[in-house]
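Residue-level structural notes
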Amino acid sequence: MTGHHLAQVNVGRIVAPLDSPELADFMAQLPEINALAEASPGFVWRMVDDAGEDATGFRPDGADDMLLINCSVWESVEALRDFTYHSDHLRVLSRRREWFHRVAEAYQALWWIPAGHLPSVAEAMERVAMIREQGPGPLAFTFRSPFPAPSGAARPDDRLQGAGEPGQ
């Protein structure tokens, strides 16, 4: 083990408010999918808002009330890939177009963090911006273009400077 974990973020713009009939099925499945993630091999942490159930209370873009964020930490790319594409999560993922608008720009980023670090909303959005502006690289990448964990011991300064507390 390198002393690093894999952080992931994805953002999406919902097609209707969270309390609308259009999002009712999505919202009903969140507790089950979150529990599945937490029980999955390699799961470390997931971002939750002040209500403590999920991250639907966060608005990562103050100008867009319909943009949601999901952020979690895993032991490896393989563990996250298994949960994402080889579990019941895929059943919900396959329905994402019912609940989220299709986006032309990058909506997901993966990056390595020192074990024990918990990403903030600001840090996660910075990683999405990196993908959008520079494409995949060692500081922000995708499943299609993964980068290996850094070698050697993790240092506290391996994360972005200026990132706030988790969820901020």
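We now turn to the structure provided with this report. (Residues numbered from 1 in each chain as written. Predicted model: local features only at pLDDT ≥ 70, side-chain atom pairs only at ≥ 80, totals over all residues. Heavy atoms only, no water.)

So, the nonpolar core
How we decide: Each nonpolar core is a collection of buried residues, namely Ala, Val, Leu, Ile, Met, Phe, Trp, Tyr and Cys, held together in the definition by side-chain atoms within 4.5 Å. Only protein chains enter the accessibility calculation, which uses a 1.4 Å probe. A residue is then buried if its area is under 20% of the maximum for its type, exposed if over 50%, and partly exposed in between. A helix here means a DSSP run of H or I that spans at least four residues, while a strand means a run of E at least two residues long, and both kinds are numbered starting from the N terminus. Should any heavy atoms of two residues lie within 4.5 Å, those residues are counted as being in contact.
One finds Leu-6 and Trp-74 to be the most contacted residues of the largest nonpolar core, which totals 23 residues. When contributions to this core are tallied by element, the ones reaching two or more residues are helix 1 (24-39), strand 3 (67-74), helix 2 (77-85) and strand 4 (108-114). Setting aside residues no more than four positions away along its own chain, Leu-6 makes contact with Ser-72, Val-73, Trp-74, Ser-76, Val-77, Leu-80, Leu-110, Trp-111, Trp-112 and Phe-141.

Some remarks on the pairing of strand 1 (residues 4-13)
Heads up, the rule is: Only strands joined by at least two bridges in the DSSP assignment are considered to pair.
Burial within strand 1 is extensive, with eight of its ten residues counted as buried. When strand 1 meets strand 4, the two strands line up antiparallel, connected through seven bridges. Note that in strand 4 the partner of Ala-7 across the bridge is Trp-111. Taken together, the eight bridges between strand 1 and strand 3 define a ladder with antiparallel strand orientation. The partner of Gly-12 across the bridge, within strand 3, is Leu-68.

Comments concerning the pattern of salt bridges
Side chains that differ in charge, positive against negative, can pair when their charged atoms come close. Put simply, the test is: What counts as a salt bridge is simple: a side-chain nitrogen of Lys or Arg found within 4 Å of a carboxyl oxygen of Asp or Glu.
The full count for this structure, using the stated rule, is seven salt bridges. For Arg-95, the salt bridge is made with Asp-25, and the minimal N-O distance between the two is 2.5 Å. In this pair, Arg-95 is assigned in the loop between helix 3 (89-93) and helix 4 (96-99) and Asp-25 in helix 1, connecting sequence segments 70 residues apart. Residue Asp-25 is classed as partly exposed on the basis of its relative accessible area of 34%. Residue Arg-46 pairs with Glu-38 through a salt bridge whose shortest N-O separation is 2.7 Å. By relative accessible area, Arg-46 is classed as buried at 15%. Through salt bridges that share partners, Asp-25, Arg-95 and Glu-98 make up one connected network.

Some words on helix 1
Heads up, the rule is: To estimate how far a helix should reach, multiply one less than its number of residues by 1.5 Å. A residue's bend is given by the angle between axes fitted to the 7 residues ending at it and the 7 residues starting at it.
Given a rise of 1.5 Å per residue, 16 residues ought to cover 22 Å, and the 24 Å separating the end C-alpha atoms of helix 1 matches this to within 8%. The largest bend in helix 1 amounts to roughly 35 degrees and is located at Leu-30, with the proline Pro-31 lying one to four residues further along. Within the span of helix 1, buried status applies to Phe-26, Gln-29, Leu-30, Ile-33, Asn-34 and Ala-37. Tucked into the core, helix 1 has its buried residues touching strand 2 (43-46), strand 3, helix 2, helix 3 and helix 4.

Section: the environment of Met-27
Within the secondary structure, Met-27 sits in helix 1. Among the residues examined, Met-27 registers a relative accessible area of 24% and is labelled partly exposed. When the C-alpha atoms of Met-27 and Thr-56 are compared, they prove to be 9.3 Å apart, with 29 residues separating the residues in sequence.

A few points about the packing of aromatic side chains
Ring pairs (aromatic) are described by centroid distance and by the angle formed between their planes. Definition in use: Classification of ring pairs uses Phe, Tyr and Trp, with its six-membered ring standing for Trp, and accepts pairs whose centres are within 6.5 Å; under 30 degrees between planes counts as stacked, over 60 as edge-to-face, and the remaining range as tilted.
Applying the stated rule across the entire model yields seven aromatic pairs. Aromatic pair Phe-43 and Trp-74: ring centres 5.3 Å apart, planes at 85 degrees, arrangement edge-to-face. Of the two residues, Phe-43 is situated in strand 2 and Trp-74 in strand 3; the sequence distance between them amounts to 31 residues. Its relative accessible area of 1% is what places Trp-74 among the buried residues. Note on Trp-112 and Phe-141: the rings are 6.4 Å apart at their centroids and 35 degrees apart in plane angle, and the pair reads as tilted. Of this pair, Trp-112 sits in strand 4 while Phe-141 sits in the segment after helix 5 (121-134); the two residues are 29 residues apart in sequence, bridging distant segments of the chain. Three or more aromatic residues link up through ring pairs in this structure, and these residues are Phe-26, Trp-99 and Phe-100.

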